[in-house]
Amino acid sequence: MTNRTLQSDILTFIATYGESALQEAMQQYIDNQQVYFFRTKSLTTRIKISDIYCLQCQQHNITIHTSLGIYRKYGTLSQELTTLFPYGFIKCSQSCIVSLSKVRSIQNNTVTLIDGKELHISRVYAPKLLTAFNGRNYSCSIVDSNISEKIRHTRYYVN
């Protein structure tokens, strides 16, 4: 591909979708190349961050759900969230963080991921999760907009 063709393609993309869409596409590409280093006492594994759906923790035993399978390690969810937050991960309960890019819908107190897995949303984390999910430019339909009851009566879908 020549420079002129590349420039022409970029200008066409910007004219069609806007500068912000190009910036978002570039950021998505960069994020998809990022890796998460999964470490245990005897093993270090690289996992693409874009392959991670969620992390669940019970008594410092962390289960990492990915498109490639399930991994387990010892640690704290806070440490994992610090690492993954810049890539669109957020807490949905005291014991779970989820990738916003893997969320299909939010209804009542349940997050449904694109693989069909359902996760509980605690009331404490629900407002931040809903705000973050809406902020990712997804189309949303609100069944009932009563703010105090939002977590019970709102359904959000990724189109």
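Keep in mind that what you see is a predicted model, and the values were worked out from it rather than measured. (Residues numbered from 1 in each chain as written. Predicted model: local features only at pLDDT ≥ 70, side-chain atom pairs only at ≥ 80, totals over all residues. Heavy atoms only, no water.)

Moving on, we get to the overall build of the protein chain. When its secondary structure is counted, the protein chain shows five helices and 12 strands. Classification of the 159 residues of the protein chain by burial places 35% in the buried group. A total accessible area of about 10200 Å² is found for the protein chain, and carbon and sulfur atoms account for 50% of it. (Helix = DSSP H or I, 4+ residues; strand = E, 2+ residues; numbered from the N terminus. Buried < 20%, exposed > 50% of the residue type's maximum accessible area, 1.4 Å probe, protein only. Areas by Shrake-Rupley, 256 points an atom, 1.4 Å probe, with all protein chains shown as cover.)

For the rest of this paragraph, the subject is the nonpolar core. In summary, soluble globular proteins display a tendency toward joint burial of nonpolar side chains. Of all hydrophobic cores here, the largest spans 17 residues; its most connected members are Val98, Val103, Ile106, Val111, Leu113, Leu119 and Leu129. Listing elements by their share of this core, those giving two or more residues are β3 (52-58), β6 (89-93), β7 (96-99), β8 (103-107), β9 (110-113) and α4 (126-135). At four residues, the largest contribution of residues to this core is made by α4. Leu55, Leu81, Phe89 and Ile97 belong to the second-largest nonpolar core, a separate cluster that totals 14 residues. (Core = buried A, V, L, I, M, F, W, Y, C linked by side-chain atoms within 4.5 Å.)

Let's shift gears to the packing of helix α1 (residues 3-17) against helix α2 (residues 19-33). Remark: α1 packs on α2, axes separated minimally by 7 Å, with the N-to-C direction vectors making an angle of 115 degrees. Contacts from Ile10, Phe13, Ile14 and Tyr17 in α1 reach Glu19, Ala21 and Leu22 in α2. Taken together, the residues that form the contact of α1 with α2 break down as six nonpolar, no polar and one charged. (Axes fitted to C-alpha atoms, helices over the stretch in contact; angles between N-to-C directions. Contact = heavy atoms within 4.5 Å. Nonpolar A, V, L, I, M, F, W, Y, C, P; charged D, E, K, R; others polar.)

The subject of this paragraph is helix α3 (residues 77-84). Where α3 is concerned, the buried positions are Leu77, Glu80, Leu81 and Leu84. The arc that holds the buried residues of α3, viewed along the axis, is 100 degrees, so those residues lie on one side. Its buried side turned inward, α3 meets β1 (35-39), β3, β4 (61-66), β5 (69-74), β6 and β7. (Arc of directions from axis to C-beta.)

Moving residue by residue along a regular strand, the side chains alternate between the two faces of the sheet. In this sheet, β5 lies alongside β4 in antiparallel orientation, the contact comprising six bridges. Directly across from Thr63, in β5, lies its bridge partner Arg72. If you look at the hairpin formed by β4 and β5, you'll find two residues sitting between the two strands. (Pairing = 2+ DSSP bridges.)

A few words on unusual backbone geometry. The phi angle of most residues is negative, glycine excepted, and most peptide bonds adopt the trans form. Not every positive phi belongs to a glycine, and Gln59 is a case in point at roughly 50 degrees. Within the fold, Gln59 resides in the loop between β3 and β4. Positive phi outside glycine occurs at His60, with the angle close to 70 degrees. In this structure, His60 sits in the loop between β3 and β4. Residue His60 is classed as partly exposed on the basis of its relative accessible area, which comes to 37%.

Attention now goes to the sheet that holds β3. With respect to topology, five strands assemble into an open sheet ordered β5-β4-β3-β7-β6, the strand pairing being antiparallel. Only two strands of the sheet have a single partner each, and these edge strands are β5 and β6. Here the average twist between neighbouring strands, direction ignored, is 20 degrees. Most of the contacts of α4 go to β6, to which it runs at about 145 degrees, and overall it touches β6 and β7.

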